[in-house]
Amino acid sequence: GVMNANVTARGRLSAIENREFEKFNASGSILLSDFNYASNEFKQGVNIKIAELIFNPKNLTLNQLNMKTGKTDIQATGWLDNLFTYMFKENELLKGTLDLRSNVIDLNEMMGTSSSGGTDSSAAEAAEVPANIDFLITANVNTIYYDDLILEKLKGNVAIREQSLGINDVSFNMLEGTISMDGLY
């Protein structure tokens, strides 16, 4: 594949910490096309048809992502605001959005399970939702495979905010019916 990167950065970390973005010059773009990756740990590999990131000191924008791994295909756009400050200074807020679209997401492949084998949940624990994140994911997925379940026509939003995970207007078809839900974790 091809990676085209045009990146410049000049300034002091204190400018980012003090949100004086005009004093820190960082900008650029990274474009991946027909990029393939596989390893011993990730034998299935991933094919990134195209990924385009644009960034400056204040935000990072994912203009487009089109990728495939196994049966799973993902198209996405989105942005992150305040990334550098969040990375380099404690208690800073990271904001962002992700618009995710897919024809198929096979969670069994991603988790290394088969649809007939089930998953071992004996060691499962509740995950802690990270602090200082304000993130909205909007999803539209035609088919999701998870364990022995098939979810179809999934649509909805997941908001990560104030150490909570909110499920808003999520609906999908399963077991010859439609399931709709809202919730807070």
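Not measured: the values here are computed from a predicted model.

Take a nonpolar patch on the surface next. A cluster of nonpolar side chains, namely M110, M111, Y146 and L149, defines an oily patch on the protein surface of about 350 Å² accessible area. Given a relative accessible area of 35%, L149 falls into the partly exposed group.

I48, L65 and L154 are the most contacted members of the largest nonpolar core, which has 19 residues in total. Within the residue set of this core, elements represented by two or more residues are β3 (46-55), β4 (59-69), β5 (72-81), β6 (94-106), β7 (133-146), β8 (149-161) and β9 (164-174). Contact partners of L154, with chain neighbours within four places excluded, come to A139, N140, V141, I144, S171 and F172. Grouped together as the second largest cluster of nonpolar side chains are 13 residues, I16, F55, V129 and F135 included.

This part is about unusual backbone geometry. Despite not being glycine, N132 shows a phi value in the positive range, around 60°. Unlike most non-glycine residues, L175 shows phi in positive territory, near 50°. Within the element layout of this structure, L175 appears in the loop between β9 and β10 (177-184).

Thresholds applied
- Throughout, residues of each chain are indexed from 1 in the direction in which the sequence is written.
- Thresholds applied to this predicted model are a pLDDT of at least 70 for local features of residues and 80 or more for the giving and counting of side-chain atom pairs; totals over whole chains, interfaces and linings are not thresholded and use all residues.
- Here the side-chain values reflect all heavy atoms present in the structure, with hydrogen atoms and water set aside.
- Patches in this entry comprise residues that are over 30% relatively accessible and not in a salt bridge; like charges within 9 Å are linked, as are nonpolar side chains (Val, Leu, Ile, Met, Phe, Trp, Tyr) within 5 Å.
- All accessible areas in this document rest on Shrake-Rupley with a 1.4 Å probe, and a residue is counted as covered only by the protein chains that are shown.
- Salt bridge criterion: a side-chain nitrogen from Lys or Arg within 4 Å of a carboxyl oxygen from Asp or Glu.
- Working definition: with a 1.4 Å probe on protein chains only, accessible area under 20% of the residue-type maximum means buried, over 50% means exposed, and in between means partly exposed.
- Residues belong to one nonpolar core when they are buried, are Ala, Val, Leu, Ile, Met, Phe, Trp, Tyr or Cys, and are joined through side-chain atoms within 4.5 Å.
- Numbered from the N terminus, helices here are DSSP runs of H or I no shorter than four residues, and strands are runs of E no shorter than two.
- Any two residues whose heavy atoms approach within 4.5 Å at even a single point are treated as in contact.

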